[in-house]
Amino acid sequence: MQKILVIVAHPALERSRINRRMAAAAEELEGVTLHDLYEAYPDFDVDVGREQQLLKAHDLLVLQHPFFWYSVPPLLKQWIDLVLEHGWAYGSEGKALVGKRVLSAISTGGREDAFRRGGHNRFTMRELLAPIEQTFVLCGMDYLAPFCVHGAHGMRREQIDRHAAAYGRALEALRDERLDLEAAMRRPRLDDGLDELIRPPAGQS
Ligand SMILES: Cc1cc2nc3c(=O)[nH]c(=O)nc-3n(C[C@H](O)[C@H](O)[C@H](O)COP(=O)(O)O)c2cc1C
């Protein structure tokens, strides 16, 4: 069983519709540690030692957050800047994260068709996330295709439930090593065609 650390970075999780529901789906799963970054560090005073211990103790890191100006919320950027230290996460002596995996799970206000070449946002999510992908690849980690929930504003309750359930299925399959990782690394998005990548549990077909 893979140990999963879900870092949730939302500055107002109590007012969130999507991320709160996704966090609840993740929290239900055995083997998943949910870590609410804004709750832990309201003053942005990140405890680097504690965060490095958490990373060491898990196999898969999930960065779950709303898309803010095509990027991560500021506390998650602060976390990246402080926790991924030279000599620990990268550099000739920095091997702490080598071989671990990382997944971005992101909600956007923009609709799905806005995130494509020629669309309103001109680039795909995977392209827009290139700096995040490369940050973790530099640390020797495998970067999976992002799990995206688009069109967050005005989404109906049933749609939110469907996305949260799919997110839970993705995490469960990753935990149980039933997700085709090679394919998940190559694809533009993990949520699109997710169930094709998941093998049924042993004994089921
Ligand atoms: C400061 C800020 C920046 C945002 N930037 C983007 C953006 O670049 N692209 C986008 O599609 N949505 C953007 N949004 C919308 C959020 O991504 C959206 O409100 C969020 O995903 C909804 O999730 P929630 O229900 O968990 O709060 C932005 C929102 C805020 C407050």
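The structure under discussion appears in the preceding block.
The present account deals with the structure reproduced in this document.

Scoring rules and cut-offs
Residues numbered from 1 in each chain as written. Predicted model: local features only at pLDDT ≥ 70, side-chain atom pairs only at ≥ 80, totals over all residues. Heavy atoms only, no water. Axes fitted to C-alpha atoms, helices over the stretch in contact; angles between N-to-C directions. Helix = DSSP H or I, 4+ residues; strand = E, 2+ residues; numbered from the N terminus. Parallel < 35°, antiparallel > 145°, perpendicular 65-115°, else oblique. Left-handed = near helix turned anticlockwise from the far one by under 90°. Contact = heavy atoms within 4.5 Å. Near = heavy atom within 4 Å. Polar contact = N/O pair within 3.5 Å; in protein donor to acceptor, adjacent residues only side chain to side chain. Areas by Shrake-Rupley, 256 points an atom, 1.4 Å probe, with all protein chains shown as cover. Nonpolar A, V, L, I, M, F, W, Y, C, P; charged D, E, K, R; others polar. 1 Å grid on protein atoms, 1.4 Å probe; cavity = no way out; pocket = protein on both sides within 12 Å on 5 of 7 lines; lining within 4 Å. Points joined across faces, edges and corners; volume = space filled by probe spheres on them.

**Considering the packing of helix H1 (residues 18-27) against helix H7 (residues 157-175)**
Their axes nearest at 9 Å, the elements H1 and H7 cross at an angle of 40°. The angle between the axes of H1 and H7 places the two elements in the oblique class. The two elements H1 and H7 cross, and the hand of that crossing is right-handed. Across from Ile18, Arg21, Met22, Ala25 and Ala26 in H1, the residues of H7 making contact are Arg157, Ile160, Asp161, Ala164, Tyr167 and Leu171.

**A short note on the site of the ligand**
Taken together, the neighbourhood of the ligand is formed by 17 residues, with His10, Ser16, Asn19, Ser107 and Gly110 sitting nearest. His10 places a polar side-chain atom, nitrogen or oxygen, 2.7 Å from an oxygen atom of the ligand. One of the backbone N or O atoms of Tyr70 is found 2.9 Å from an oxygen atom in the ligand. Coverage of the ligand by the protein amounts to 73% of the 640 Å² it exposes when considered alone. Taken together, the residues of the shell around the ligand break down into eight nonpolar, eight polar and one charged.

**A closer look at the layout of surface pockets**
The calculated volume of the largest pocket comes to roughly 280 Å³. Lining of the largest pocket is provided by 13 residues; of these, Cys148, Arg162, His163, Arg189 and Asp191 occupy positions nearest its centre. Sorting the residues of the lining of the largest pocket by element identifies strand E6 (147-149) and H7 as the ones contributing at least two each. Examining the composition of the lining of the largest pocket, we find that four residues originate from one element, H7, more than from any other. The residue inventory of the lining of the largest pocket, partitioned by class, reads three nonpolar, four polar and six charged. Together, 13 residues line the second largest pocket, and His10, Pro66, Ser107, Ala152 and His153 are the ones closest to its centre. Looking at the lining of the second largest pocket residue by residue, the classes come out as five nonpolar, seven polar and one charged.

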